Amino acid sequence: MGRTTVIFDCDPGVDDGVALLLAFAARDTLDLLAITTVAGNVSTKLTARNAGILREIASREDVPIYAGCERPLKRSPIEAGHFHGESGLGNLPLFEPQRPAETEHAVDWLIRTLLAAPAGSISLVVTGPLTNIATALLREPSIAKAMREIAIMGGARSEGGNITASAEYNIYADPHAAQIVFASDVEIVAFGLDVTHQVRATPERIDTIGKVGTRSAMATANLLTFATYLPANSPAAQGSPLHDPCPIAWLIEPALFEFRRCHVEVETESTLTAGHTAVEFRADVAPRQNVRWGVRADAAGIFDLIRGKLTQSGKA
Ligand code: RIB
Ligand code: CA
């Protein structure tokens, strides 16, 4: 199978960090054009710096980072420092990356790059609020043509919400942006809580990754350990859900996941249910079924994949 050309938009973030380390390690499968970062878990400044830290840990300074939008399209910013720690990377030792983010704004780079790309040639992965992607689509709708799909960590149906009773954080943090992306003509592959909650970083799985011994593996184990002991993820024995690595794992090994085709609308007005993803599987009710909704994940296979890529990727 050939390599997939990828743009990875994220808000690192502890689990974004694990996804980045996996993506950086999968250089045999993924051709990473750039990492674009957005305000979400923590500020734009910190998400860009954190992406730089993880890039240096993975020795992947060949991949540029572009910082993006500093606030949601309409609603007020809501960070998730209580989940990710003040730095956004839990208790991972911090340093100023040697290579800084590029000076060009992520949205400008996204538009310039996608306009120049052949039709259907680039896979977008988004593991934070969809602000950058929605802003780019609003400014230049024709960029949709270059996108093979947008793989999104976001939303919830049967699992209910994790930031409110009915909304998952990435969608809740910018519901207007999410609605614009789901309503676009682009094929969406959605990894909501229904599927990410099936993928648990148990202490045994973390220990197996830590024993790989490379810098990226040790950093992955550190990030996963931090998430395990968060009250919201208790009991620790069950392990914290592995949200953001899911779309990256799917790009590398699609057979690890199962989907149902559907149409998704996002609540943007209600104070009670803003950010709710209304998932409609009935094609006769909602004929535009441009979304594949994740319903099943092979958790053991995903952890085997992470361990394998971190092993082959590199030096201690
Ligand atoms: O709901 C989980 C999502 O919200 C993840 O992307 C996590 O990083 C937070 O951004
Ligand atoms: Ca995230």
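Up top is the structure these notes are about.
Here the structure is a predicted model, which is why all the values come from computation and not from measurement. Along each chain, numbering runs from 1 in the same order as the chain's sequence is written. Numbering of ligands from 1 and lettering of chains from A proceed in the order in which they are written. Totals for whole chains, interfaces and linings use all residues, but because this is a predicted model, local features are given only for residues with pLDDT of at least 70 and pairs of side-chain atoms are given and counted only at 80 or more. In computing side-chain properties, one takes all heavy atoms of the structure into account and sets aside hydrogens as well as water.

Draft legend 1. View of the environment of Ser 142. Helix and strand definitions here come from DSSP, where helices need a minimum of 4 consecutive H or I residues and strands a minimum of 2 consecutive E residues; each element is numbered from the N-terminal end. By secondary structure assignment, the location of Ser 142 is in the loop between helix H5 (131–139) and strand S5 (147–153). Residue Ser 142 is classed as partly exposed on the basis of its relative accessible area of 32%. As for Ser 142 and Leu 115, which are separated by 27 residues in sequence, their C-alpha atoms are 7.4 Å apart. Within the structure, the side chain of Ser 142 is placed 2.8 Å from the side chain of Glu 140, a separation counted as a polar contact. Relative accessibility thresholds used throughout: buried, under 20% of the residue-type maximum; exposed, over 50%; partly exposed, between the two (1.4 Å probe, protein chains only). Contacts described as polar in this section are N or O atom pairs within 3.5 Å, which, within protein, must combine one atom able to donate a hydrogen with one able to accept it, while residues neighboring in sequence count only if both atoms come from side chains.

Draft legend 2. Representation of the packing of aromatic side chains within the structure. Pairing of aromatic rings covers Phe, Tyr and the six-membered ring of Trp, with a centre-to-centre limit of 6.5 Å; geometry is then stacked below 30 degrees between planes, edge-to-face above 60, and tilted otherwise. By the definition in use, this model includes six aromatic pairs. Of the aromatic side chains, those joined through ring pairs into one cluster are Phe 191, Trp 250, Phe 257 and Phe 259. We call a charge positioned over a ring when the NZ of a Lys or the CZ of an Arg lies within 6 Å of the ring centre and within 35 degrees of the ring normal. The aromatic ring of Tyr 172 is capped on one face by Arg 75, whose charged end is 4.7 Å from the ring centroid. Looking at Arg 260, its charged tip hangs above the ring of Phe 281, at a distance of 3.8 Å from the centre.

Draft legend 3. Structural view of the coordination of the calcium ion (ligand 2). The calcium ion (ligand 2) binds to the protein through Asp 11 (OD), Asp 16 (OD), Asp 16 (OD), Thr 127 (O) and Asp 244 (OD); the donor distances cover 2.2 to 2.6 Å. For Na, K and Ca the donor cut-off is 3.2 Å, and for all other metals it is 2.8 Å, counting N, O and S atoms only; because water is absent from this set, sites may look incomplete. If you list the donors of the calcium ion (ligand 2) from N- to C-terminus, the spacing comes out as D-x4-D-x110-T-x116-D. Residue Asp 11 is located in the loop between strand S1 (4–10) and helix H1 (14–25), and its partner Asp 244 is located in the loop between strand S8 (240–241) and helix H11 (245–252); the two are separated by 233 residues in the primary sequence. In terms of burial, Asp 11 and Asp 244 fall into one category: buried.

Draft legend 4. Focus on the pattern of salt bridges. What counts as a salt bridge is simple: a side-chain nitrogen of Lys or Arg found within 4 Å of a carboxyl oxygen of Asp or Glu. This structure, assessed with the given rule, holds 11 salt bridges. Between Glu 104 and Arg 112 there is a salt bridge whose closest N-O contact spans 2.6 Å. Residue class for Arg 112 comes out partly exposed when judged on its relative accessible area of 48%. Close ionic contact of Arg 307 with Asp 304 constitutes a salt bridge, the shortest N to O distance being 3.3 Å. A residue pair is termed a helical-turn pair when its members lie 3 or 4 positions apart in one helix, as Arg 307 and Asp 304 do in helix H12 (residues 299–313) at three residues. On the basis of relative accessible area, Asp 304 is assigned to the partly exposed category, the value being 45%.

Draft legend 5. Fine view of the pairing of strand S11 (residues 291–297). If DSSP finds at least two bridges between two strands, the strands pair. Of the pairings in the sheet, the one linking strand S6 (residues 188–191) to S11 comprises three bridges and is parallel in character. Across the sheet, residue Val 189 finds its bridge partner in S11, namely Arg 292. Looking at chain direction, strand S9 (residues 257–266) and S11 are connected through six bridges and run antiparallel. Within S11, the position partnered with Cys 262 by the bridge is Val 291.

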